[in-house]
Amino acid sequence: MEKCLTVIALALLTVVPAAAQDDDFGIWGEVNVEKKIDSRWDVDAGVEFRSRDNLKAADRWAFGADATFKITDWLKASAGYTLLDDHREKANTSGRKASDYWGVRHRFNVSLVGSYSFGDLNISLRERWQYTYRPEKTVDRYWTYTDEEEDRYEGEVADQHTYEAKSKNVWRNRLQLKYKVSKMWRPYLNAETHVSNGLEKVRYSAGTEIRLSKHHWLDLKYLFQKTYGDDDEEGDRHVIGIGYTYKF
C-alpha cells in the first residue's frame, strides 16, 4: 500500500502544472458495466456525470456503449456511441442577453489501441477518431442587466434564439504508462491530445486502478486539461475522477 501511494504521489508531482487562479475545478464520476463475450470480444456500457465552476454547476450527463475486438495480442480495435446532455451558458456579442439550457449531442468513435508489456510495466498508444453531432436547438434568452426605465430586469425573458445544427471531427491521441504494483494496485500516467482545426486541448492524468475483487474495480485519478482555443469553451480545468466498473 505505502509503495503504491508513493508511486501515485510522484506521478502527480510529475504531471500537475502550476494552477492558475482562474482555472476551473470539477469532479467527473462514472459507473460502467463490462462483459467479456469470448477471447476476442468485449462490450461495455456506462453513465458519466461531470461538474464545473468549482463544483457549483452540473456540466454533463453522458450515456455510452462500446464494443472492442482483439486483433492480435498487442492490438485492439473498438467502436462506440455516446449520448451527451450538456449544460450550456451562452451570451450574445453585446453581453446583454444570455441563455442557460441543456442540449443533446450525439458522439461516435472508432479506436485502435496498441500495447506492449515489459514485465509489470505496460505502454499503450490509443488513436481515436471522434465525430460529434449537435442538433438544432431553440432556447429562451434572458436580459442580463437591469434597466428600470425600459422595465427590463435580470432573469426576464428577452427573446428566443436558435443555435444551428453543428458537427465536428476530432482526432485524439493518448500515450499511457501503467505499472502493476500488486494484484490490487495499477497506477498509471497518460497524456492525450485533441486535434481538430489545430491543437484544441491536452489532458494530463495521473491515477490508479484498484482491483477490489474479480468483478469490482475502481479508478481514481487527477486530470489537468489545458485548452488552446477549444470550441466547447471549456477552459483550463483541474479534475478529480472517480470511476467504478463491474466486470463479468
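That block above? That's the structure.
All values reported here derive from a predicted model rather than from experimental measurement. (Residues numbered from 1 in each chain as written. Predicted model: local features only at pLDDT ≥ 70, side-chain atom pairs only at ≥ 80, totals over all residues. Heavy atoms only, no water.)

K.L.:
Quick one: what's the story with the overall build of the protein, residue by residue and with numbers?
P.N.:
The number of helices and strands found in the protein is one helix and 13 strands. Along the chain direction, N to C, the helices and strands of the protein fall in the order α-β-β-β-β-β-β-β-β-β-β-β-β-β. Burial statistics for the protein: of 248 residues in total, 36% are counted as buried. The long-range fraction of contacts in the protein, counting pairs at least 24 apart against all pairs at least 6 apart in sequence, stands at 51%. (Helix = DSSP H or I, 4+ residues; strand = E, 2+ residues; numbered from the N terminus. Buried < 20%, exposed > 50% of the residue type's maximum accessible area, 1.4 Å probe, protein only. Contact = heavy atoms within 4.5 Å.)

K.L.:
Give me the lowdown on the pairing of strand β10 (residues 185-196), citing residues and values where you can.
P.N.:
Here eight bridges tie strand β9 (residues 166-179) to β10, and the two strands are oriented antiparallel to one another. Bridge pairing in β10 links asparagine 173 to threonine 193. Counted between consecutive antiparallel strands, the loop separating β9 from β10 contains five residues. Strand direction decides the pairing type here: β10 and strand β11 (residues 198-211), joined by 12 bridges, are antiparallel. Each residue of the ladder has a partner; that of leucine 189, found in β11, is alanine 206. If you look at the hairpin formed by β10 and β11, you'll find one residue sitting between the two strands. (Pairing = 2+ DSSP bridges.)

K.L.:
Mind laying out the packing of aromatic side chains, listing which residues take part and the relevant values?
P.N.:
Enumeration over the complete set of coordinates arrives at seven aromatic pairs. Centroid distance phenylalanine 49 to tryptophan 61: 4.9 Å. Interplanar angle 50°. Geometry classified as tilted. You can see phenylalanine 49 sitting in strand β2 (residues 41-52) and its partner tryptophan 61 sitting in strand β3 (residues 57-70), a full 12 residues away along the chain. On the basis of relative accessible area, tryptophan 61 is assigned to the partly exposed category, the value being 38%. Measuring from centroid to centroid gives 4.9 Å for tyrosine 116 and phenylalanine 118, while their planes differ by 65°, and the two rings are edge-to-face. For the pair tyrosine 116 and phenylalanine 118, one class covers both residues: exposed. When the ring centre of tryptophan 28 is taken as reference, the NZ or CZ atom of arginine 50 above it lies at 3.7 Å. Sitting over the face of the ring of tryptophan 217, lysine 247 holds its NZ or CZ atom 3.9 Å from the ring centroid. (Phe/Tyr/Trp six-rings, centres within 6.5 Å; stacked < 30°, edge-to-face > 60°. Lys NZ or Arg CZ within 6 Å of the ring centre and 35° of its normal.)

K.L.:
Could you give an account of the environment of glycine 155, naming the residues involved and the relevant values?
P.N.:
Note on placement: glycine 155 falls in the loop between β7 (137-143) and β8 (157-163). For glycine 155, a relative accessible area of 49% translates into the label partly exposed. Put simply, glycine 155 and threonine 144 are 11 residues apart on the chain and 6.7 Å apart in space, counted from C-alpha to C-alpha. For glycine 155, the residues in contact, after removing those within four places along its chain, are Tyr142 and Trp143.

K.L.:
Go over the pairing of β9 with me, naming the residues and quoting the values.
P.N.:
For strand β6 (residues 121-134) and β9, the ladder comprises 14 bridges, and the chain directions are antiparallel. Its bridge partner lying in β9, arginine 128 is registered against arginine 172.

K.L.:
Lay out the pattern of salt bridges with the relevant residues and their values.
P.N.:
The final tally for this structure, using the stated rule, is 15 salt bridges. Close ionic contact of glutamate 48 with arginine 50 constitutes a salt bridge, the shortest N to O distance being 3.2 Å. For the pair glutamate 48 and arginine 50, a shared accessibility class is recorded, and that class is buried. Salt-bridge contacts for lysine 226 lead to aspartate 236; the nearest nitrogen and oxygen are separated by 3.1 Å. Here lysine 226, found in strand β12 (residues 216-227), pairs with aspartate 236, found in the loop between β12 and β13 (237-247); they are 10 residues apart in sequence, far enough to count as distant. A relative accessible area of 29% means that lysine 226 is categorised as partly exposed. According to the relative accessible area criterion, aspartate 236 is buried, its value standing at 17%. A cluster of three or more residues bridged by salt bridges with shared partners is formed by Arg52, Asp53, Asp59, Glu89 and Arg237. (Salt bridge = Lys/Arg side-chain N within 4 Å of Asp/Glu carboxyl O.)

Keep in mind these numbers describe shape, not what the thing actually does.
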